[in-house]
Amino acid sequence: MKKPKLIDPRKLYKTGKFKDQEQDTPALQDEMIPEPDCGEESYVGSEKLLDRNALITGGDSGIGRAVVIAYAREGANVAIQFFPGEEQDANEVKELIEKEGRKALLIPMDLREENAAIEIVEKTVEEFGQLDILVLNAAQQIAIESLEELSIKQVEDSFKVNVISMFETTKAAEKYLEAGSTIVITSSVQSYNPSPTLLDYAATKAATKNFTLGIAKYFAPKGIRVNGVAPGPIWTPLQLDDGQPEGKIPEFGQNALLERAGQPAELAHVHVYLASNESSYVTSQIYGITGGEAID
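Just so you know, these numbers come straight off a predicted model, no measurement behind them. Every chain begins its residue count from 1, and numbering advances along the sequence as written. At least 70 in pLDDT is required for a residue's local features to be given in this predicted model, at least 80 for side-chain atom pairs to be given and counted, and no such filter applies to totals for whole chains, interfaces and linings, which use all residues. No hydrogens and no water enter the side-chain calculation; it runs on all heavy atoms of the structure.

Peer 1: Got a sec to walk through the side chain of D157? Specific residues and values, please.
Peer 2: Here D157 is to be found in helix α4 (residues 152-174). Here D157 falls in the buried class, since its relative accessible area comes to 13%. A distance of 3.3 Å separates the side chain of D157 from the side chain of R112, its partner in a polar contact. A contact between two residues is defined here by any heavy atoms of the two lying within 4.5 Å. For D157, the contacting residues outside a window of four places in its chain are R112 and Q140. Secondary structure follows DSSP: runs of H or I at least 4 residues long count as helices, runs of E at least 2 residues long count as strands, and numbering of each begins at the N terminus. A 1.4 Å probe rolled over the protein chains alone gives each residue an accessible area, and that area as a share of the maximum for its type sets the label: buried under 20%, exposed over 50%, partly exposed in between. Side-chain atoms alone can form a polar contact between residues adjacent in sequence; in general such a contact is a pair of N or O atoms within 3.5 Å, and within protein one must be able to donate a hydrogen while the other accepts it.

Peer 1: An account of the packing of helix α3 (residues 116-128) against α4 is requested, with residue identities and associated values reported.
Peer 2: Axis separation between α3 and α4 bottoms out at 8 Å; the angle between their running directions is 35°. As for how α3 packs across α4, the hand of that crossing is right-handed. Facing A117, I118, I120 and V121 of α3, the residues of α4 in contact are S165, E168, T169, A172 and A173. In the scheme used here, Gly and all other residues not listed as nonpolar or charged are polar, with Ala, Val, Leu, Ile, Met, Phe, Trp, Tyr, Cys and Pro taken as nonpolar and Asp, Glu, Lys and Arg as charged. Looking at side-chain class alone, the contact of α3 with α4 contains six nonpolar, two polar and one charged residues. Angles run from 0 to 180 degrees between N-to-C directions of axes, and those axes are lines fitted to C-alpha atoms, restricted for helices to the stretch in contact. By convention the crossing between two helices is left-handed if the near helix lies anticlockwise of the far one by an angle smaller than a right angle, and right-handed if it lies clockwise.

Peer 1: Could you give an account of the pattern of salt bridges, naming the residues involved and the relevant values?
Peer 2: Should a side-chain nitrogen of Lys or Arg be within 4 Å of a carboxyl oxygen of Asp or Glu, the pair is scored as a salt bridge. Under the definition given, this model contains 17 salt bridges. One salt bridge connects E98 with K94, and the closest N-O pair in it is separated by 2.7 Å. Of this pair, E98 and K94 are both found in helix α2 (residues 87-99), four residues apart, which corresponds to roughly one turn of the helix. In this structure K94 comes out as partly exposed when scored by relative accessible area, which is 26%. D110 is the salt-bridge partner of R112, the closest N and O atoms lying 2.8 Å from each other. The exposure class assigned to R112 is partly exposed, which follows from its relative accessible area of 34%. Linked through salt bridges whose partners overlap, the residues forming this network are D110, R112, K153 and D157.

Peer 1: For the environment of K17, give the residues involved together with the corresponding values.
Peer 2: Tracing the sequence through the fold places K17 in the segment before β1 (53-57). Spatially, the C-alpha atoms of K17 and E251 are 5.6 Å apart, while their sequence positions differ by 234 residues. Not counting the four nearest positions on each side in its chain, K17 is found in contact with P250, E251 and Q254.

See below:
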């Protein structure tokens, strides 16, 4: 009898310290050392989302990029909202989508701007004719050393991008979502165990968790499922764009139970599951992909 091929999860991706590094806004995936694994080489689809039409915010890099790649390889057309200045990453993802024979739409948009969240929905429907998967993933995360350092402008911007745009996008999408459509929302382990250096970000993610559970109850009678994903320390450009306190990047993720940071590709299968018919009896749930940290 052949032995199964087992892989130690502690050693599946990079272990040990990261190079101390940072980037100016906006941070780009191509310039990270090492570059995150978003499933570019590893994800294999099986038509679980054939002919579906998805809008993914923050889809140019990191977790969003992994979801975009997976959805395209599962047969979906994908629209990507990204922050202006991240065109390099976005164009790379567009090529990956089109390589799968699917339609791609790039929407550079600052979600802090008035009506931006509404416009990305309208552009998606105009291009694809339909919207049936909405992934609310875009976020601002800026670490602070002290409360004195935390400006109210930063708090306002964090809530605008992470919370208010989520409400706006969902409201705009409602009239297009038919029974069988799905919404997947990115929360965070920070909504359960907030860090003192991420006060505004953690507060927005707590709001995101609450919104996910509440809007799931609203949409259930319409046959639309809503679920969330709560990542732990995932190696993404967000971390290098002031997302971690100074000097903390080398140790990023090392304190997880699995002794390493996670990679965006490790979230892709859960996002596919939640968007597909395989999760037909799943709604109002939040899945933790945290390297071991509890989310209850």
